[in-house]
Amino acid sequence: MNLDKQAILLDGNSDINEYLKGSLGCDCGREHSAAIKQIEIKENAIYSLIPYLKANSYRRPFLIFDKTTYKLAGDLLINLFNEANQAFSCHVIESPEPVPDEWAVGDILIHYDNSSDCIIGVGSGTINDLSRFVSFRLGIPYIIVATAPSMDGYASNVAPLIVNHLKTTYEAQTAHAIFADSSLLKSAPMNMLAAGIGDILGKYSCLCDWEIAHIVTDEYYCPTVAAIVKRSLEAVSSGIHAAAAKSNDAIRDVMNALVLSGIAMSYAGNSRPASGSEHHLSHYWEMTYLFEGRKPVLHGTKVGIGTIAVIRAFELLLSRKIDFDKARAAASSFDMHEWEADMTESFRQAAPTVIVLERQVGKNNPENVIRRINKLEANWNEIAKIIAGLPAADKIRSWLRALGAADSPMAIGIDRKLFIKSFAVAKELRNRYGLLQILFDLSLTEEIAEEVWEYFQQN
Ligand SMILES: [Zn+2]
Ligand SMILES: [Zn+2]
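This structure is a prediction, so every number in the text was calculated from the model and none was measured.

**Describing the sheet that holds strand β10 (residues 177-181)**
- Reading across from one edge, β3-β10-β7-β6-β4-β5 is the order of the six strands in this open sheet, with parallel pairing throughout. Each having just a single partner strand, β3 (38-42) and β5 (89-93) make up the two edges of the open sheet. Neighbour to neighbour, the strand axes of the sheet diverge by 15° on average, direction disregarded.
- Those strands touched by helix α4 (residues 102-111) are β4 (61-66) and β5, and its axis lies near 150° from that of β5.

Right under this line is the structure:
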């Protein structure tokens with residue numbers, strides 16, 4: 001990437017649309033591009049929607065709301081469509097908080113108008129996932145009108161749906177355009193804004209995981225993509241108090257960071273720049289809640305707590321004198337049968353997927369573990385420096401507290417047993433090297449998980 005372009009992308013004041021322009025040749029050796037065509041994050045962005053539809057010759061959009069988002073933006077949007085003589089159809093899911101499951105997909109399809117030529121989802125996480133999935137299956141484009149800065153999936157191209165009580169990620173498509181009107185975003189409840197910020201703060205631990213993985217497993221890493229995410233992340237963390245007061249600039253920075261994190265995933269070709277060990281913990285907690293039929297907790301709320309836990313674990317790791325010889329000896333005694341029995345108990349109906357993954361990649365095989373321990377040992381000084389660059393766990397916690405957000409596993413109903421278990425097994429959901437696998441490799445999982453749990457009890 002030429003230096004001018006790089007400077008624009010790393011400048012906090014650049015228009016987010018700069019990230020969408022063509023394909024960028026990068027020093028990392030890859031071309032980076034994103035499929036989104038237009039992003040409007042500003043006051044009155046909603047008024048750019050109809051000009052966008054007209055400019056792109058859409059004849060009849062199908063709007064999807066839920067009861068909450070209809071109440072928030074339904075009248076406004078429908079008036080705009082009528083005033084502009086823009087044809088449309090519309091469906092309101094009869095729930096204030098729908099779940100992205102088979103029922104909701106069926107509900108949308110039953111009410112779908114066949115003469116529509118695009119879908120406009122009006123909402124945040126669930127509506128966005130459903131619209132992205134249904135439009136993809138119908139083979140028509142989709143556009144999102146964001147109503148809350150609550151999660152970083154706006155620019156994503158996959159749809160996590162709950163099918164047969166199990167969260168499964170389905171292929172879908174990226175939105176053609178995102179409209180995020182700050183006056184709508186501002187009226188979102190504080191817990192949703194705090195969840196969006198929790199999802200963003202998770203980038204601290206995930207970028208740390210990614211950089212260490214690059215050293216230990218030679219995984220692809222792009223410093224420019226990491227720097228783009230980091231810059232937007234720092235804009236948000238330096239404006240926590242402004243966000244707590246719902247200042248326009250702070251809300252815009254949060255939304256920018258949420259959308260940029262999706263663009264960074266497109267750039268990297270996978271979710272590495274946006275999801276690490278903190279997300280694995282969150283996914284495992286979410287699965288357990290689904291199995292047990294418990295009320296779901298917002299994604300970003302869990303990620304925020306996962307971030308404190310992961311950063312605290314990194315701090316504890318740094319404070320230790322690590323016995324690499326002992327770790328190598330322990331790695332050799334790994335028992336696959338015992339491990340499979342543990343997975344069957346921990347992942348219930350999802351266990352086969354986890355076991356198949358391990359059979360394919362062998363991340364827990366003694367020879368792979370020992371190879372990584374050797375790399376950790378040889379590069380420990382460099383790795384320690386990366387870890388030392390993280391903000392303190394206490395800092396993340398104080399930020400979440402300033403937003404009135406849950407700042408401990410107990411606050412969202414996670415007990416000691418589930419917390420310790422999640423440290424041991426959450427990493428099995430993906431083959432993604434990071435904090436949780438490092439603890440496993442060094443045979444420190446249980447010891448450190450207990451200390452992190454203690455940390456939450458004491459503060
Ligand atoms: Zn790159
Ligand atoms: Zn997330």
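So much for the structure itself; the text now carries on.
**Examining the environment of Ala-87**
- Positionally, Ala-87 belongs in the loop between α3 (67-83) and β5.
- C-alpha separation for the pair Ala-87 and Arg-60, spaced 27 residues apart in sequence, amounts to 5.2 Å.
- Other than its neighbours up to four places away in sequence, Ala-87 contacts Arg-59, Arg-60, Pro-61 and Phe-81.

**A look at the domain arrangement of the protein chain**
- As far as domains go, the protein chain holds domain 1 (17-188) and domain 2 (191-221 + 272-458).
- Distance from the C-alpha centre of domain 1 to the C-alpha centre of domain 2: 32 Å.
- On the domain 2 side, the residues contacting the 15 residues of domain 1 number 16 residues.
- Summing the contributions of domain 1 and of domain 2, the shared interface buries around 1300 Å²; its carbon and sulfur component is 59%.

**Brief notes about the nonpolar core**
- Counting residues in hydrophobic clusters, the biggest one holds 136 residues, and the most contacted among them are Ile-263, Leu-317 and Phe-423.
- The element that contributes the greatest number of residues to this core is helix α7 (residues 190-217), accounting for 13 residues.
- Counting contributing residues, this core receives three or more from each of domain 1 (17-188) and domain 2 (191-221 + 272-458).
- The contacts of Phe-423, once residues within four sequence positions are left out, are Leu-281, Ala-309, Ala-313, Leu-435, Leu-436, Leu-439, Thr-445, Ala-449 and Val-452.

**Re the coordination of the zinc ion (ligand 2)**
- In this structure, Asp-199 (OD), His-279 (NE2) and His-299 (NE2) serve as the protein donors to the zinc ion (ligand 2), at separations of 2.1 to 2.2 Å.
- Classification of His-299 by relative accessible area gives partly exposed; the value is 22%.

Reading the values: rules and limits
- Residues numbered from 1 in each chain as written.
- Chains lettered and ligands numbered in written order.
- Predicted model: local features only at pLDDT ≥ 70, side-chain atom pairs only at ≥ 80, totals over all residues.
- Heavy atoms only, no water.
- Pairing = 2+ DSSP bridges.
- Helix = DSSP H or I, 4+ residues; strand = E, 2+ residues; numbered from the N terminus.
- Axes fitted to C-alpha atoms, helices over the stretch in contact; angles between N-to-C directions.
- Contact = heavy atoms within 4.5 Å.
- Domains from an automatic or database assignment.
- Buried area = accessible area lost by both parts, 1.4 Å probe.
- Core = buried A, V, L, I, M, F, W, Y, C linked by side-chain atoms within 4.5 Å.
- Buried < 20%, exposed > 50% of the residue type's maximum accessible area, 1.4 Å probe, protein only.
- Donors = N, O, S within 2.8 Å, 3.2 Å for Na, K, Ca; no water.

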